[in-house]
Amino acid sequence: MALVLAIAASPVMGQEHRQLGAHEHGVGKLNIAFDSGQIFMEMSAPGADIVGFEHAPESARDRATVNDAVARLAQPLDLFALSEDAGCSVAQAKARFVTKENKEHDSHDVTGEKEISAAGHAEFHAEYSFTCSDFTAFDQIVFTYFTVFPKARELDIQLISEKGAWHAEISREAPVLDLRGRTQR
Ligand SMILES: [Zn+2]
């Protein structure tokens, strides 16, 4: 229970302090917490998976591509199909593109700025919360995310609920997460 609250209270903290560049292209990360009829999610996905590039948007076309991706990521029910009978609605949704250029450089980093950005990775970060009327009817999530973003291959998922914490890997080939009996005691 303490862990659920910790995740719920600071959805951004983990993302802010995580090193960019640790990701594997094709593989996004998603944390999900179920707590008293609410669901909290935080996702990070490589730029490669979402828009096909990881540099700061330079051209008008890049900017339009990034803006379109952010808008799509801000519509979580188009990415994650939640059990209809659970009656879930979006309480909050936000997404942004994070590149090396808008991160503070590590003090141990002695390479030049240009080199860092050329070799750097970039990610989309998103946070969501949902309110559900009936958690007992919550039995699965279908990841339409893979249809919306054809370059994404996998989501590495950490889940936590009153039932405990567990890990799941969801792939494009099998985009369904079975949650029967897992969301609450
Ligand atoms: Zn990358």
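Computed from a predicted model, the values in this text were never measured in an experiment. Residue indices begin from 1 for each chain and proceed along its sequence in written order. Side-chain atom pairs in this predicted model are given and counted only at pLDDT of 80 or more, local residue features only at pLDDT of at least 70, and totals for whole chains, interfaces and linings cover all residues. With hydrogens and water set aside, each side-chain value is computed from the structure's full complement of heavy atoms.

### Looking at the overall build of the protein chain
Thought 1: Scanning the protein chain from terminus to terminus reveals 7 helices and 9 strands.
Thought 2: Burial classification: accessible surface area is computed with a 1.4 Å probe over protein chains only, and a residue below 20% of its type maximum counts as buried, one above 50% as exposed, and the rest as partly exposed. Burial statistics for the protein chain: of 185 residues in total, 42% are counted as buried.
Thought 3: What makes two residues a contact is simply this: any of their non-hydrogen atoms within 4.5 Å. A separation of at least 24 residues holds for 70% of the contacts in the protein chain among residues at least 6 apart in sequence. Going along the chain from the N terminus, every DSSP run of H or I of four or more residues is numbered as a helix, and every run of E of two or more is numbered as a strand.

### Focus: the packing of aromatic side chains
Thought 1: Under the pairing criterion, centres of Phe, Tyr and Trp rings, with the six-membered ring standing for Trp, must be within 6.5 Å; the plane angle then separates stacked pairs below 30 degrees from edge-to-face pairs above 60, leaving the rest tilted. In total, this model carries 10 aromatic pairs according to the counting rule given.
Thought 2: When the centroid spacing of 6.4 Å and the interplanar angle of 40° are considered together, the rings of Tyr-128 and Phe-130 count as tilted. Of the two residues, Tyr-128 and Phe-130, both sit in the buried class.
Thought 3: When the centroid spacing of 5.5 Å and the interplanar angle of 65° are considered together, the rings of Tyr-145 and Phe-149 count as edge-to-face. Residues Tyr-145 and Phe-149 agree in their burial class; the two are buried.
Thought 4: Aromatic ring contacts, followed pair by pair, group Phe-80, Tyr-128, Phe-130 and Phe-143 into a single cluster.
Thought 5: Here the basic side chain of Arg-182 rests over the ring of Trp-166, its NZ or CZ set 4.0 Å away from the ring centre. Note on geometry: a ring has a charge over it if NZ (lysine) or CZ (arginine) is within 6 Å of the ring centre and within 35 degrees of the ring normal.

### So, the coordination of the zinc ion
Thought 1: Only nitrogen, oxygen and sulfur atoms within 2.8 Å of the metal, or 3.2 Å for Na, K and Ca, are treated as donors, and water is left out, so sites may look incomplete. Only His-23 (NE2), His-25 (NE2), Glu-54 (OE), Glu-54 (OE) and His-121 (ND1) from the protein coordinate the zinc ion, and they sit 1.7 to 2.7 Å from it.
Thought 2: Spacing between the donor residues of the zinc ion along their common chain follows H-x1-H-x28-E-x66-H. Of this pair, His-23 sits in the loop between helix H2 (13-17) and strand E1 (27-35) while His-121 sits in the loop between helix H6 (113-119) and strand E5 (123-132), placing them 98 residues apart in sequence.
Thought 3: Residue classification places His-121 among the partly exposed positions, given a relative accessible area of 21%.

### Notes on the sheet that holds strand E9 (residues 176-178)
Note: strands within a sheet are paired through backbone hydrogen bonds, in either parallel or antiparallel orientation.
Thought 1: Two strands make a pair as long as DSSP finds a minimum of two bridges between them. With antiparallel pairing, the 3 strands of this open sheet are ordered in space as E3-E6-E9. Only two strands of the sheet have a single neighbouring strand rather than two, namely strand E3 (81-82) and E9.
Thought 2: Sheet topology places E3 next to strand E6 (residues 140-142); 2 bridges connect them, and they run antiparallel. Paired with Ala-81 across the bridge in E6 is Val-142.

### Some details on the pattern of salt bridges
Thought 1: Counted as salt bridges are all cases of a side-chain nitrogen of Lys or Arg within 4 Å of a carboxyl oxygen of Asp or Glu. Scanning all chains against the criterion turns up 3 salt bridges.
Thought 2: Between Arg-153 and Glu-24 there is a salt bridge; the shortest N-O distance is 3.5 Å. Here the residue Arg-153 occupies a position in the loop between helix H7 (145-148) and strand E7 (154-161), and Glu-24 occupies one in the loop between H2 and E1, the gap between them amounting to 129 residues.
Thought 3: Its salt-bridge partner being Asp-178, residue Arg-180 comes within 2.6 Å of it at the nearest N-O pair.

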